[in-house]
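Architecture at a glance
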Amino acid sequence: IFLGILGSLVIPRSETQGLLSTFQDAGVRFVYFSPRNMRRQKEIASQMGIDVAWNCAISLRPLDQGEEDPHRMVSNYADWDVNAKLPHGIESVRRHLKDVDNVPLLVSLFTDVTKTTTKEMIEIFQEYNDTVITVGLSHLPWNSKIFSTADLAIGVDVLSDCLAKTDEDDLRYNA
(Lines give C-alpha, C1' and ligand atoms only; values in the text may rest on other atoms or scores of the structure.)
Protein backbone atom coordinates (compact mmCIF):
# COMPACT_ATOMS: atom_id res chain seq x y z
CA ILE A 1 0.00 0.00 0.00
CA PHE A 2 1.33 3.43 -0.91
CA LEU A 3 0.39 6.42 1.17
CA GLY A 4 0.50 9.88 -0.39
CA ILE A 5 0.80 13.05 1.63
CA LEU A 6 0.31 16.52 0.19
CA GLY A 7 0.42 20.02 1.63
CA SER A 8 -1.40 23.05 0.23
CA LEU A 9 -2.03 26.73 0.68
CA VAL A 10 -5.36 28.06 1.92
CA ILE A 11 -7.07 27.71 -1.48
CA PRO A 12 -6.57 24.35 -3.15
CA ARG A 13 -5.23 24.44 -6.67
CA SER A 14 -7.73 23.51 -9.36
CA GLU A 15 -5.70 20.39 -10.25
CA THR A 16 -5.94 18.95 -6.73
CA GLN A 17 -9.13 16.92 -7.15
CA GLY A 18 -7.85 15.39 -10.39
CA LEU A 19 -4.54 14.57 -8.72
CA LEU A 20 -6.31 12.88 -5.82
CA SER A 21 -8.42 10.88 -8.24
CA THR A 22 -5.27 9.79 -10.08
CA PHE A 23 -3.67 8.78 -6.77
CA GLN A 24 -6.73 6.72 -5.88
CA ASP A 25 -6.80 5.03 -9.30
CA ALA A 26 -3.13 4.13 -8.83
CA GLY A 27 -3.82 2.58 -5.41
CA VAL A 28 -2.35 5.46 -3.41
CA ARG A 29 -4.35 6.42 -0.35
CA PHE A 30 -4.18 10.17 0.11
CA VAL A 31 -3.64 11.74 3.53
CA TYR A 32 -3.60 15.49 4.11
CA PHE A 33 -1.73 17.20 6.96
CA SER A 34 -2.80 20.75 7.86
CA PRO A 35 -1.50 23.17 10.50
CA ARG A 36 -5.04 24.57 10.78
CA ASN A 37 -7.70 23.31 13.20
CA MET A 38 -10.63 21.20 12.01
CA ARG A 39 -13.13 24.04 11.85
CA ARG A 40 -10.82 26.10 9.61
CA GLN A 41 -9.72 23.14 7.50
CA LYS A 42 -13.06 21.46 6.82
CA GLU A 43 -14.09 23.58 3.81
CA ILE A 44 -10.65 23.41 2.18
CA ALA A 45 -10.49 19.65 2.63
CA SER A 46 -13.98 19.32 1.14
CA GLN A 47 -12.90 21.36 -1.92
CA MET A 48 -9.99 18.96 -2.34
CA GLY A 49 -12.34 15.98 -2.37
CA ILE A 50 -11.48 14.72 1.12
CA ASP A 51 -14.31 13.25 3.20
CA VAL A 52 -15.15 15.72 5.96
CA ALA A 53 -18.06 13.83 7.45
CA TRP A 54 -18.13 12.06 10.79
CA ASN A 55 -14.83 10.71 12.16
CA CYS A 56 -12.86 12.23 9.33
CA ALA A 57 -9.99 14.03 11.08
CA ILE A 58 -7.49 13.63 13.87
CA SER A 59 -5.91 16.59 15.60
CA LEU A 60 -2.23 16.06 16.30
CA ARG A 61 -2.33 18.74 18.99
CA PRO A 62 -2.21 16.94 22.32
CA LEU A 63 -4.91 17.74 24.88
CA ASP A 64 -4.14 18.21 28.55
CA GLN A 65 -5.93 15.89 30.97
CA GLY A 66 -9.65 16.75 30.90
CA GLU A 67 -9.23 19.48 28.26
CA GLU A 68 -11.93 19.74 25.61
CA ASP A 69 -11.12 20.65 22.01
CA PRO A 70 -12.97 23.89 21.16
CA HIS A 71 -12.53 23.20 17.43
CA ARG A 72 -13.98 19.70 17.49
CA MET A 73 -16.77 19.12 15.02
CA VAL A 74 -20.00 18.32 16.86
CA SER A 75 -23.11 16.98 15.16
CA ASN A 76 -26.41 18.83 15.53
CA TYR A 77 -28.30 15.74 14.36
CA ALA A 78 -26.89 12.87 16.40
CA ASP A 79 -24.85 12.06 19.46
CA TRP A 80 -22.07 10.40 17.48
CA ASP A 81 -19.45 12.77 18.88
CA VAL A 82 -20.02 11.21 22.31
CA ASN A 83 -19.50 7.68 21.00
CA ALA A 84 -16.67 8.26 18.53
CA LYS A 85 -13.81 10.24 19.96
CA LEU A 86 -10.67 10.05 17.92
CA PRO A 87 -7.32 10.52 19.63
CA HIS A 88 -5.60 13.89 20.02
CA GLY A 89 -1.83 14.10 19.70
CA ILE A 90 0.81 11.57 18.71
CA GLU A 91 0.96 9.71 22.03
CA SER A 92 -2.82 9.31 22.04
CA VAL A 93 -2.70 8.01 18.46
CA ARG A 94 -0.08 5.43 19.49
CA ARG A 95 -2.20 4.33 22.47
CA HIS A 96 -5.32 4.10 20.31
CA LEU A 97 -3.51 1.92 17.74
CA LYS A 98 -2.18 -0.36 20.47
CA ASP A 99 -5.32 -0.64 22.62
CA VAL A 100 -8.36 0.09 20.42
CA ASP A 101 -8.17 -0.24 16.62
CA ASN A 102 -6.43 0.95 13.46
CA VAL A 103 -8.84 3.82 12.66
CA PRO A 104 -6.10 6.49 13.00
CA LEU A 105 -4.35 4.82 10.05
CA LEU A 106 -7.50 5.12 7.93
CA VAL A 107 -8.21 8.82 8.49
CA SER A 108 -7.44 11.10 5.53
CA LEU A 109 -7.14 14.43 7.37
CA PHE A 110 -4.79 15.38 10.20
CA THR A 111 -5.17 18.87 11.66
CA ASP A 112 -3.21 21.06 14.09
CA VAL A 113 0.04 19.56 12.80
CA THR A 114 3.58 20.80 13.19
CA LYS A 115 6.63 19.71 11.25
CA THR A 116 7.52 17.42 14.18
CA THR A 117 4.09 15.78 14.51
CA THR A 118 3.89 15.32 10.73
CA LYS A 119 7.25 13.52 10.78
CA GLU A 120 6.15 11.40 13.76
CA MET A 121 2.89 10.43 12.05
CA ILE A 122 4.80 9.38 8.93
CA GLU A 123 6.94 7.16 11.18
CA ILE A 124 3.77 5.63 12.66
CA PHE A 125 2.43 4.83 9.19
CA GLN A 126 5.76 3.16 8.39
CA GLU A 127 5.71 1.18 11.66
CA TYR A 128 2.37 -0.24 10.48
CA ASN A 129 3.91 -1.23 7.11
CA ASP A 130 2.63 1.61 4.93
CA THR A 131 4.94 2.93 2.23
CA VAL A 132 4.84 6.71 2.51
CA ILE A 133 5.21 9.14 -0.39
CA THR A 134 5.33 12.81 0.59
CA VAL A 135 4.59 15.71 -1.71
CA GLY A 136 5.36 19.22 -0.55
CA LEU A 137 7.06 22.50 -1.30
CA SER A 138 10.76 22.01 -1.90
CA HIS A 139 11.77 25.55 -0.92
CA LEU A 140 10.59 25.23 2.69
CA PRO A 141 13.54 24.16 4.86
CA TRP A 142 11.41 22.36 7.46
CA ASN A 143 10.14 19.95 4.80
CA SER A 144 13.60 18.38 4.50
CA LYS A 145 13.15 16.25 7.66
CA ILE A 146 9.68 15.20 6.53
CA PHE A 147 11.00 14.35 3.05
CA SER A 148 13.92 12.36 4.48
CA THR A 149 11.59 10.35 6.74
CA ALA A 150 9.30 9.27 3.89
CA ASP A 151 10.05 6.30 1.66
CA LEU A 152 9.73 8.56 -1.38
CA ALA A 153 9.53 12.36 -1.48
CA ILE A 154 8.43 14.68 -4.25
CA GLY A 155 9.38 18.32 -3.88
CA VAL A 156 7.22 20.80 -5.76
CA ASP A 157 9.08 23.92 -6.89
CA VAL A 158 6.59 26.78 -7.16
CA LEU A 159 9.25 29.49 -6.97
CA SER A 160 10.91 28.82 -10.32
CA ASP A 161 7.52 29.14 -12.05
CA CYS A 162 6.97 32.50 -10.31
CA LEU A 163 10.44 33.71 -11.25
CA ALA A 164 10.00 32.63 -14.87
CA LYS A 165 6.91 34.83 -15.11
CA THR A 166 8.68 37.81 -13.50
CA ASP A 167 10.35 40.45 -15.63
CA GLU A 168 14.05 40.65 -14.73
CA ASP A 169 13.83 44.45 -14.58
CA ASP A 170 11.32 44.09 -11.72
CA LEU A 171 13.96 42.23 -9.69
CA ARG A 172 16.55 45.03 -9.86
CA TYR A 173 16.84 47.61 -7.16
CA ASN A 174 16.95 51.10 -8.64
CA ALA A 175 18.10 53.67 -6.10
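These figures come from a predicted structure and were not determined experimentally.

A word on the overall build of the chain. Each helix and strand counted, the chain has eight helices and six strands in total. Along the chain direction, N to C, the helices and strands of the chain fall in the order β-α-β-α-β-α-α-β-α-β-α-β-α-α. Residue burial in the chain is summarised as follows: out of 175 residues, 38% are buried. A separation of at least 24 residues holds for 65% of the contacts in the chain among residues at least 6 apart in sequence. Accessible surface computed for the chain: about 10,900 Å², of which carbon and sulfur atoms make up 53%.

A word on the confidence of the model for the chain. Taken as a whole, the chain shows an average pLDDT of 79; of its residues, 75% reach a score of 70 or greater. Mean pLDDT per element in the chain: helix H3 (residues 80-83) is the minimum at 46, and helix H5 (residues 115-127) is the maximum at 96. Low pLDDT (under 50) marks residues 74-83, which in the prediction has nine contacts with non-local residues, meaning those over four places away or in another chain.

Throughout the structure, instances matching the rule amount to three aromatic pairs. Geometrically, the ring pair formed by phenylalanine 110 and phenylalanine 125 is edge-to-face, given 6.1 Å between the ring centres and 90° between the ring planes. Taken as a pair, phenylalanine 110 in strand E4 (residues 109-111) and phenylalanine 125 in helix H5 lie far apart in primary sequence, 15 residues in all. For the pair phenylalanine 110 and phenylalanine 125, one class covers both residues: buried. Taken together, the ring pairs connect Phe33, Phe110 and Phe125 into an aromatic cluster.

On the surface, a nonpolar cluster with roughly 230 Å² of combined accessible area is contributed by Leu152, Ile154 and Val156. With respect to the secondary-structure elements, isoleucine 154 resides in strand E6 (residues 152-156). Among the residues examined, isoleucine 154 registers a relative accessible area of 40% and is labelled partly exposed.

Next up on the list: helix H4 (residues 90-99). Within the span of H4, buried status applies to Ile90, Ser92, Val93, His96 and Leu97. All buried residues of H4 project into a common sector of 160° when viewed along the axis, lining one side. Away from the buried face of H4 by more than 90 degrees, exposed residues Glu91, Arg95, Lys98 and Asp99 are located. Lining the buried residues of H4 we find strand E3 (57-59) and H5.

Within the secondary structure, lysine 115 is located in helix H5. Each C-alpha atom of the pair lysine 115 and serine 144 lies 9.8 Å from the other, and the pair is 29 residues apart in sequence. Contacts of lysine 115, omitting those with residues within four sequence positions, involve Trp142 and Ile146.

The rules we used
- Residues numbered from 1 in each chain as written.
- Predicted model: local features only at pLDDT ≥ 70, side-chain atom pairs only at ≥ 80, totals over all residues.
- Heavy atoms only, no water.
- Helix = DSSP H or I, 4+ residues; strand = E, 2+ residues; numbered from the N terminus.
- Buried < 20%, exposed > 50% of the residue type's maximum accessible area, 1.4 Å probe, protein only.
- Contact = heavy atoms within 4.5 Å.
- Areas by Shrake-Rupley, 256 points an atom, 1.4 Å probe, with all protein chains shown as cover.
- pLDDT = per-residue confidence, 0-100.
- Phe/Tyr/Trp six-rings, centres within 6.5 Å; stacked < 30°, edge-to-face > 60°.
- Patch = residues over 30% accessible without salt bridge, like charges linked within 9 Å, V, L, I, M, F, W, Y side chains within 5 Å.
- Salt bridge = Lys/Arg side-chain N within 4 Å of Asp/Glu carboxyl O.
- Arc of directions from axis to C-beta.

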